[in-house]
Amino acid sequence: MLAMPLTALLAAGCSQGEAEATSEGSTETAEDANTVPAAVHMQMSVDDALNEAMKDSLNTGQITMLKNMAHQVTVGESCEGFEVDQDRFAKEMNLIHYDEDGKQMDLTEAELNTLEKKALLGFGMAMGSQMAIAAFDVKSYCNAAEEERASLAKDDNSSTIWKTPA
């Protein structure tokens, strides 16, 4: 499984977030500012909103998959040397059609349509947050993605959708 972007941002240090959090005019104490960098707070807030919005439609695995796909697509759009394999992307996104036991759900056309719309909404929420976080500190974001890709190279079962670098 892919490392979550939150972990990657923590590892990267989010230097810009810490600097902005302690900038002049801030009402936070220095102790509070060092507790949670701004980019991490952004990720956690969107994760909470996404989990709440999707809780009645998608299971935890499906929500996690949407977050991972949004992260990887954002890396592909934001970072040099990363490209999304569209076939892998489609295969991973197809997981919304399966239950927590890995069995394809038996849905009516109307239920399937509703599920796919909900998944698209969730993916959009996750993608928006990832784009904002990447823009916040693109260098740290892309450095963390490089570390993530290196760790995934050792995992034959990863659900990465990035093309192998040439």
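This text goes with the structure placed above it.
Conventions adopted
Residues numbered from 1 in each chain as written. Predicted model: local features only at pLDDT ≥ 70, side-chain atom pairs only at ≥ 80, totals over all residues. Heavy atoms only, no water. Salt bridge = Lys/Arg side-chain N within 4 Å of Asp/Glu carboxyl O. Helix = DSSP H or I, 4+ residues; strand = E, 2+ residues; numbered from the N terminus. Buried < 20%, exposed > 50% of the residue type's maximum accessible area, 1.4 Å probe, protein only. Phe/Tyr/Trp six-rings, centres within 6.5 Å; stacked < 30°, edge-to-face > 60°. Lys NZ or Arg CZ within 6 Å of the ring centre and 35° of its normal. Disulfide = S-S within 2.5 Å. Polar contact = N/O pair within 3.5 Å; in protein donor to acceptor, adjacent residues only side chain to side chain. Contact = heavy atoms within 4.5 Å. Expected span 1.5 Å × (residues − 1). Axes fitted to C-alpha atoms, helices over the stretch in contact; angles between N-to-C directions. Left-handed = near helix turned anticlockwise from the far one by under 90°. Nonpolar A, V, L, I, M, F, W, Y, C, P; charged D, E, K, R; others polar.

S.K.: Just checking my understanding: could you explain the pattern of salt bridges for this structure?
M.R.: Pairing between side chains of opposite charge can happen when their charged atoms approach one another. All chains considered together, the criterion is met by 5 salt bridges. Across the pair Asp-47 and Lys-67 runs a salt bridge, and its minimum N-O distance is 3.8 Å. Here Lys-67 lies in helix H5 (residues 60-78) and Asp-47 lies in helix H4 (residues 38-54), a separation of 20 residues in the sequence. Per residue, the accessibility class of Asp-47 equals that of Lys-67, and both read buried. One salt bridge in this structure joins Lys-55 and Glu-52, with 2.8 Å as the shortest N-O distance. Judged by its relative accessible area of 48%, Lys-55 falls in the partly exposed class.

S.K.: Please clarify how the packing of aromatic side chains should be interpreted in this entry.
M.R.: This model, assessed by the stated rule, comprises 2 aromatic pairs. Summarising the aromatic geometry, the rings of Phe-82 and Trp-162 are spaced 4.8 Å apart at their centres and angled 65° between planes, so their arrangement reads as edge-to-face. Pair noted here: Phe-82 is in the loop between H5 and helix H6 (86-93) and Trp-162 is in the segment after helix H8 (138-152), with a separation of 80 residues, a long-range link. Among the residues examined, Phe-82 registers a relative accessible area of 6% and is labelled buried. Relative to Phe-123, the ring of Phe-89 has its centre 5.8 Å away and its plane inclined at 65°; by these criteria the two rings are edge-to-face. Note that Phe-89 is positioned in helix H6 and Phe-123 in helix H7 (residues 109-136), a separation of 34 residues in sequence. Given the relative accessible area of 18%, Phe-89 is considered buried. With relative accessibility at 13%, the residue Phe-123 sits in the buried group. Over the face of the ring belonging to Phe-82 we find Arg-149, whose NZ or CZ atom lies 3.7 Å from the ring centre.

S.K.: Teacher, can you tell me more about the state of the cysteines here?
M.R.: Counted under the stated rule, the structure contains 1 disulfide. Paired by a disulfide, Cys-79 and Cys-142 hold their sulfur atoms 2.0 Å apart. Because the sign of the S-S torsion sets the handedness, a value of about -85° for the bond joining Cys-79 and Cys-142 places this disulfide among the left-handed ones. On the criterion of sequence distance, the pair formed by Cys-79 in the loop between H5 and H6 and Cys-142 in helix H8 is long-range, its members being 63 residues apart.

S.K.: Please clarify how the side chain of Asn-59 should be interpreted in this entry.
M.R.: Here Asn-59 shows up in the loop between H4 and H5. When its relative accessible area of 15% is taken as the criterion, Asn-59 is described as buried. Of note is the side chain of Asn-59, whose polar atom sits 3.0 Å from the backbone nitrogen of Gly-61. Every residue in contact with Asn-59, bar those within four places of it in the chain, is listed here: Tyr-98, Asp-99 and Glu-100.

S.K.: Just checking my understanding: could you explain H5 for this structure?
M.R.: What sets the pattern is the α-helix's 3.6 residues per turn: residues three or four places apart point alike. For H5, which comprises 19 residues, the first-to-last C-alpha distance of 27 Å matches the rise-based estimate of 27 Å (1.5 Å per residue) to within 8%. Within H5, 14 of the 19 residues are buried, which leaves the element mostly enclosed by the surrounding structure. The opening residue of H5, the one whose side-chain oxygen lies 3.0 Å from the backbone nitrogen of Gly-61, is Asn-59.

S.K.: Looking at this structure, how should I read the packing of H5 against H8?
M.R.: A pair of packed helices is characterised by two quantities: the angle between their axes and the separation of those axes. In the contact formed by H5 and H8, the axes pass within 10 Å of each other and the chain directions differ by 115°. The two elements H5 and H8 cross, and the hand of that crossing is left-handed. For the pair H5 and H8, the contacting residues are His-71, Thr-74, Val-75 and Ser-78 in the first and Val-138, Tyr-141, Cys-142, Ala-145 and Glu-148 in the second. For the contact of H5 with H8, a count of residues per class yields 5 nonpolar, 3 polar and 1 charged.

Interpretation note: all reported values are geometric properties and have no functional meaning in isolation.
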